[in-house]
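Next come the chains, spelled out residue by residue.
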Amino acid sequence: MAKKWLKAAAASIIAAASFYTINSAGAATETLMEVGEVRSTSDQAVVPVTIRNITYLMSGHAEITLPENTVSVETAQFTPSKQFTNNLFRTISNVEDSKLVIDFYSESPDAQQIKGGQAVIGYITYNLSDSFTPGKAVTLDLSAVSVKGRYNADVAVKELDGEIKNKMPIGDVVGNSKVTATGAMRILQHINGNFITEKEAFLSADVDADGILTQQDAMQVLDFSTGKRLTFLALAAKELPNGVLKSEYYEKVEARHGRAPYTFKKRSGTIPYGLKLNEQTGEIIGLPTKAGTNTFTIEVTDAVGDTAERSFTIGVVDSYIASVEKLYPINVKRGEKPNLPAEVTVTYKDKSIGKETVHWNEVDTTVLGEVTAKGLIGDTGFMVQATVHVVDENYLKNTSFGYFQMLNIYTVIVDVNPEVYSVTINGIPAHYEGAGQYSLASAAFTKGNPVIIQLYDKYGNLLETKSQKLVIQ
Amino acid sequence: MPENMKKLTMGKMIAGLMALSIVQPSILTEAAEAESVIGATTAYEGTKGKVVTVTVYVEGAEESAGGSIKLSYDDTALTISKTEAGSELDGYLTSINSASPGTIEATWAKAEGELQKGTLLTFQARLAKTIEKTAVNIEDAELYKADLSTLAVKTFDGEVKPFPGSEQKRDSKVKNNKEWIVRLNNAVHPATVNKHNVWVTNKYGKLIDVNVQVSDKTSFNIVPKVPYASGTYTITISDQIRGQDGKQLKNPIKYEFTVE
């Protein structure tokens, strides 16, 4: 796509203006058997097996299998839930190598009524070895599902595979591998100034996916721990950039903390004329045809029928600028001023390219997390945005470049802090040289052009993105 | 006079004395005093249709900044009509969930720790049938220090049942600043001696503000915060008063007295 400026203007928060609600067990009516997607940082993971959207249940069979040759994860046991161990059902399970087989039968000649239309059949405990390292994941393949309902009739069931990830569960925050009041306490301590600086813990704490930690996150953690909230499904907060009349617009709203695949729907308000929401992807695409400001609410539904919604605003302006160069997110240390570009490359409506000066607004960097920097381009009325990550660490300590004349190859060398676990340069993994140093040599690097350095933690979270011009001193 | 109550006697500074016995002899341990207690009260009612209030209290031994409890009850006997965070949770973020019949879950959090002594939660329930006794069990209870570590917690389950104990009455009138001292046959668990398990009501059933304090290992006193107005009052001593070994009082007691 030629005009990507709106796509480029990075994701950002809209905390104050956002409207956020969440519901559980929405409109999905197809009977589902679901193996949970579970995160754990301990030596065990407990994965629920749930049947949803069913009124009567006579019997059922399911097989859950680990990928072949998996050694880091081992099936330990299956524990039926209370409902499947009392007088309602007789539940039998058997573990053979990597496969767990579950069978359950109604204890009466009639099918049992399932209150609320869903029930947890039981919990699978998996033992996780040391080789199941941070960031790793295994799929729990659900197969051979058969379910009989009322009058012993077969029920068509959609199967949802499960997953175990070595990551901190959403809402855990402190590394208990479960959601308790301690997560909320830690968030409140963060708000009081005892900051959560580790990225994985921060993302685990940001349950409402608005990029910052507030009392709302703590409250949702408490509600989850008492069962008042059954999911942390959220639409990520985003300050959507302006559209330009008759210029291509591309943006995307994203779901967090639920079960993919997701579907997106406009619940209320109006999306600017000419733009359309793709209900499968969350993309907002089109050619705006009318100037003005539109606020609308999008609802996301995940694979198990949970829903969440958030409101967004898009302003459409009439400008001679069609698009702006892609601005990467910028890291800034808390309390410091972000280093935002004084000018940006723009594409005018007549397709010509030029440079324009940006007058950036003040950016509040007193709170850790994401903030949006906004700048006006000259006197055009055109607003440019950049995501600013307020952090407590400089992850990237130093970048240097080398040149092998014989081979005509440039080398990029980066020194990073200990929290960095992997580095990519222009999307290619760099080699670890020891002592916090990574390097990559490539004929694809060219003098004077920018290289994009991205730093990740051990869980695979992006810590920092830096665009740096390749210059040999 | 029931066997668990000795004669009313006079002490030097004491206008009256009740002596109660705890069922089992107890062994005093320092550990019992160091651990925090979360307990549920007993509501004395057994008639179908009546509404009862059960309180969950905390007697913290150390500062805590958060916690959680999970109560279970027989939902064929009790129908929850109201749940409310107690005064001890003022200033805490709190979540209470009673939507699932048979359980009530509550959790609370704050940034900094403090010593918690008081009411965590109250709930009202209507008796769905006439009962002899139904339990309010504390299935799970946690208290967390501000450093996010866990505190040792002892729990005492509650009950709903008709009042099974003795009802005594003092014939002579007493002064308006009357201090009652209750003496037990065995050492009492001090965390259970509180206004949730010992209370004074006037003739209309209204609670009177009193201090309930342990005076030594086997006795506690009941002192009005402001002098009683003249009239008739009842002291209720719940069987949730427990010995050091956690055993309940054999029977609760009601003791009526009149202020001159």
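Within each chain, residues carry numbers counting from 1 in the order of the written sequence. A letter from A marks each chain and a number from 1 marks each ligand, given out in the order of writing. The predicted nature of this model means local features are confined to residues of pLDDT at least 70 and side-chain atom pairs, given and counted, to a pLDDT of 80 or more, with totals for whole chains, interfaces and linings taken over all residues.

Trainee: How should the domain arrangement of chain B be read in this particular structure?
Mentor: Many analyses report the size of an interface as the accessible area lost when the parts associate. Residues and elements named next belong to chain B. When cut into domains, chain B gives domain 1 (16-29 + 164-259) and domain 2 (46-161). A residue pair is marked as a contact if its C-beta atoms, positioned from the backbone, fall within 7 Å. Counting from both sides, the interface comprises 8 residues of domain 1 and, opposite them, 5 residues of domain 2. Ten residue types, Ala, Val, Leu, Ile, Met, Phe, Trp, Tyr, Cys and Pro, are classed as nonpolar, four, Asp, Glu, Lys and Arg, as charged, and the remainder, Gly among them, as polar. Taken together, the residues of the side of domain 1 that touches domain 2 sort by class into 2 nonpolar, 5 polar and 1 charged. The start and end points of each domain follow an automatic or database-based domain assignment.

Trainee: Help me understand the interface of chain B and chain A in this model?
Mentor: Contact residues are listed per partner, giving 18 residues for chain B and 19 residues for chain A. Of all the secondary structure elements, the ones that give two or more residues to the side of chain B that touches chain A are strand S4 (51-73), strand S6 (93-97) and strand S7 (103-127) of chain B. A total of 7 residues in the side of chain B that touches chain A trace back to one element, the largest contributor, which is S7(B). Strands here are runs of E lasting at least two residues and helices are runs of H or I lasting at least four, both read from the DSSP assignment and numbered beginning at the N terminus.

Trainee: What am I meant to see in the pairing of strand S11 (residues 118-128) of chain A here?
Mentor: Where a strand is regular, its side chains alternate between the two sheet faces. Residues and elements named next belong to chain A. Whether two strands pair comes down to DSSP finding at least two bridges between them. In the sheet, strand S4 (residues 44-52) pairs with S11 via 9 bridges, with the strands oriented antiparallel. Within S11, the position partnered with Gln44 by the bridge is Asn127. In the sheet, strand S7 (residues 73-80) pairs with S11 via 7 bridges, with the strands oriented antiparallel. Across the sheet, Pro80 pairs through a bridge with Gly122, a residue of S11.

Trainee: Can you help me understand the environment of Pro272(A) in this one?
Mentor: Within the secondary structure, Pro272(A) is located in the loop between strand S20 (263-269) and strand S21 (275-277). Between the C-alpha atom of Pro272(A) and that of Asn294(A), which follows or precedes it by 22 residues, the distance is 5.9 Å.

Trainee: Please clarify how the confidence of the model for chain B should be interpreted in this entry.
Mentor: Detailed conclusions should not be drawn from predicted coordinates in areas where pLDDT is low. Residue and element names in this part refer to chain B. A residue's pLDDT is the predictor's confidence in that residue, given on a scale from 0 to 100. Residue-level pLDDT values for chain B average 87, and 87% of them are 70 or greater. Here strand S1 (residues 16-20) stands out as the least confident element of chain B, with mean pLDDT 41; S6 is the most confident, with 98. Considering only residues more than four positions removed or in separate chains, one finds that residues 1-32, a stretch of pLDDT under 50, has 68 contacts. Here the predicted complex carries an ipTM of 0.86, next to a pTM of 0.87.

Trainee: What am I meant to see in the nonpolar core here?
Mentor: What tends to happen in soluble globular proteins is that the nonpolar side chains get buried as a cluster. By definition, a nonpolar core groups buried Ala, Val, Leu, Ile, Met, Phe, Trp, Tyr and Cys residues that connect through C-beta atoms lying within 7 Å of each other. Exposure classes come from backbone-placed C-beta atoms, where a residue is buried if 20 or more other C-beta atoms lie within 10 Å of its own, exposed if 12 or fewer do, and partly exposed in between. Counting residues in each nonpolar core, the largest one holds 74 residues, and the members touching the most others are Ala184(A), Ala218(A), Leu93(B), Ala109(B) and Leu120(B). For this core, the element with the highest residue contribution is S7(B), accounting for 10 residues. Residues within four places of Ala218(A) in sequence aside, it is in contact with Ala184(A), Ile187(A), Leu188(A), Leu93(B) and Ala109(B).

Trainee: What is the right way to look at the sheet that holds strand S18 (residues 231-237) of chain B in this model?
Mentor: Each strand in a sheet pairs with another by means of backbone hydrogen bonds, the pair being arranged parallel or else antiparallel. All names here are of chain B. Taken in spatial order, the 5 strands make up an open sheet running S12-S19-S18-S14-S15, and their pairing is mixed. With partners counted over all chains shown, the strands left at the sheet margins are strand S12 (166-169) and strand S15 (207-208), one partner each. As judged from the 7 bridges shared by S18 and strand S19 (residues 253-259), these two strands associate in the antiparallel manner. If you follow Ile237 over to S19, its bridge partner there is Ile253.

Trainee: Which parts of the structure should I look at to understand the sheet that holds strand S22 (residues 283-286) of chain A?
Mentor: All names here are of chain A. One open sheet holds the 3 strands; their spatial order is S18-S22-S21, and the pairing between them is antiparallel. At either margin of the open sheet sits one strand with a lone partner, and together these are strand S18 (249-252) and S21. On average, adjacent strands in this sheet sit at an angle of 15° to one another, irrespective of strand direction. One ladder, built from 4 bridges, connects S18 with S22; its direction is antiparallel. Each bridged residue has a counterpart across the sheet, and for Lys252 the counterpart in S22 is Glu283. Geometry is summarised by axes, namely lines fitted to C-alpha atoms with helices restricted to the contacting stretch, and by angles between N-to-C directions that run from 0 to 180 degrees.

Trainee: I tried to follow helix H2 (residues 181-191) of chain A on my own but got confused; where do I start?
Mentor: Given 3.6 residues per turn, any residue in an α-helix points the same way as the ones three and four places further on. Within H2(A), 10 of the 11 residues are buried, leaving the element largely enclosed by the surrounding structure. Here H2(A) has its buried residues at Ala181(A), Thr182(A), Gly183(A), Ala184(A), Met185(A), Arg186(A), Ile187(A), Leu188(A), Gln189(A) and His190(A). Turning to H2(A), the residues buried within the fold contact helix H3 (199-205) and helix H4 (215-225) of chain A together with S4, S6, S7 and strand S8 (134-144) of chain B. Where H2(A) ends, the next residue or the one after it, Gly193(A), has phi of about 115°, a positive value.

Trainee: Is there a simple way to explain the confidence of the model for chain A in this structure?
Mentor: Summarising the model, chain A shows a mean pLDDT of 90, and 94% of its residues fall at 70 or more. The low-confidence segment residues 1-28 of chain A, where pLDDT is below 50, has 86 contacts with residues more than four positions distant or belonging to other chains.

Trainee: How do you make sense of the domain arrangement of chain A when you look at a structure like this?
Mentor: All names here are of chain A. Split by domain assignment, chain A resolves into domain 1 (5-23 + 235-391), domain 2 (32-165), domain 3 (181-230) and domain 4 (396-469). Relative placement of domain 1 and domain 3: their C-alpha centres are 25 Å apart. The interface is formed by 12 residues belonging to domain 1 together with 8 residues belonging to domain 3. Its residues placed into classes, the side of domain 1 that touches domain 3 shows 7 nonpolar, 3 polar and 2 charged.

Trainee: I keep staring at the pairing of strand S31 (residues 396-404) of chain A and nothing clicks. Help me out?
Mentor: All names here are of chain A. Here S31 pairs with strand S32 (residues 409-416) via 8 bridges, running antiparallel. Note that in S32 the partner of Leu396 across the bridge is Val416. Between S31 and S32, which follow one another and run antiparallel, lie 4 residues, and Asn408 among them has a positive phi close to 55°.

Trainee: Honestly, unusual backbone geometry in this entry has me stumped. Any pointers?
Mentor: Residue and element names in this part refer to chain A. Residue Pro261 is bonded to the preceding Ala260 through a cis peptide linkage, with omega at 0°. With respect to the element layout, Pro261 can be found in the loop between strand S19 (255-256) and S20. In the Ramachandran plot, Ser177 falls in the positive-phi region, its phi being about 60° despite a non-glycine side chain. Position of Ser177 relative to the elements: it lies in the loop between strand S15 (162-165) and H2. For Lys351, which is not a glycine, the phi torsion comes out positive at approximately 80°. Turning to its location among the elements, Lys351 is positioned in the loop between strand S27 (343-348) and strand S28 (353-360). For Lys351, a count of 9 C-beta atoms within 10 Å gives the class exposed.

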